[in-house]
Amino acid sequence: MENDKTRSHLCPHLMPMHFDAAQIKRLEEWSPKALKIVLSSDKIEYLRSVQHTTDGIIILRNHPLSENWEKRDAMKTEADAIAMAKTHAQAWDDIVTRSLQQNEIDMKMLSRCYFEGLNEPHFWVDGERPELVALYYTEFIQRMAGNGLKVCALNSGVGWVGNNGGEDDIPDWSPFVGMIDELERLGGILGIHEYWGDT
């Protein structure tokens, strides 16, 4: 790859509905350190077409899964969180197994991939409270590791995790300490969404 100083530090998101030759050319020019592919089906699409644009990590998000198939805010109890993690990990294992069998991906490509679970948790509602999301992700990380898959965890939305309402207070990561320890132990990465612009 190119000199590190010329590479993009951004993580472009490749959306299937916008995928074309111009997208590939742009990724080749950027040579990003990370690339995220948002999947709209139970196929790992486009990875073979874009894997050469980065020698870094590749993050895979299955959109329906990451929104819990349009059933958000469904973790009312610890049992709910564990059950959801189990369902999501099994779904990813099924997708990866099928994609390997159909030669959409290979083991070398898979070794660079990190898989997302629940996207941008709704920490402010009862069904996705921080302690339940942390439990969900801890279970998801462990189950994915059991299947030989690495996780990009949390993917919190802009401004989250919260700071308990204190103006200019630092974010409160305390509910996620155990989750982050498990993520580090099993070789995953932490995802957060940040946006900015020149002012």
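Residues numbered from 1 in each chain as written. Predicted model: local features only at pLDDT ≥ 70, side-chain atom pairs only at ≥ 80, totals over all residues. Heavy atoms only, no water.

Enquirer: What exactly am I supposed to notice about the overall build of the protein chain here?
Expert: Regarding its fold elements, the protein chain presents seven helices and six strands. Of the regular secondary structure in the protein chain, the N- to C-terminal order runs β-α-β-α-β-α-α-α-β-α-β-α-β. When the accessible surface of the protein chain is summed, it comes to about 10,600 Å², and 52% of that surface belongs to carbon and sulfur atoms. (Helix = DSSP H or I, 4+ residues; strand = E, 2+ residues; numbered from the N terminus. Areas by Shrake-Rupley, 256 points an atom, 1.4 Å probe, with all protein chains shown as cover.)

Enquirer: Would you mind going over helix 6 (residues 130-146) with me for this structure?
Expert: Residues spaced three or four apart along an α-helix face the same direction, because each turn holds 3.6 residues. With 17 residues, helix 6 should cover 24 Å at 1.5 Å per step; its first-to-last C-alpha distance of 24 Å lies within 8% of that length. The set of residues buried in helix 6 consists of Leu132, Val133, Ala134, Tyr136, Tyr137, Thr138, Glu139, Phe140, Ile141 and Met144. Packed against the buried residues of helix 6 are helix 4 (78-101), strand 4 (113-116), strand 5 (150-156) and helix 7 (177-185). Just past helix 6, the residue Gly148 takes up positive phi, approximately 80°. (Expected span 1.5 Å × (residues − 1). Buried < 20%, exposed > 50% of the residue type's maximum accessible area, 1.4 Å probe, protein only. Contact = heavy atoms within 4.5 Å.)

Enquirer: Just to check I follow, could you spell out the packing of aromatic side chains for this structure?
Expert: Two aromatic rings are characterised by how far apart their centres lie and by the angle between their planes. Taken as a whole and assessed by the stated rule, the structure comprises six aromatic pairs. Aromatic pair Trp173 and Phe176: ring centres 6.0 Å apart, planes at 70°, arrangement edge-to-face. The exposure class of Trp173 is partly exposed, given its relative accessible area of 28%. For Phe176, a relative accessible area of 1% corresponds to the buried category. Here the aromatic cluster, defined as three or more aromatic residues joined through ring pairs, consists of Phe123, Trp173 and Phe176. (Phe/Tyr/Trp six-rings, centres within 6.5 Å; stacked < 30°, edge-to-face > 60°.)

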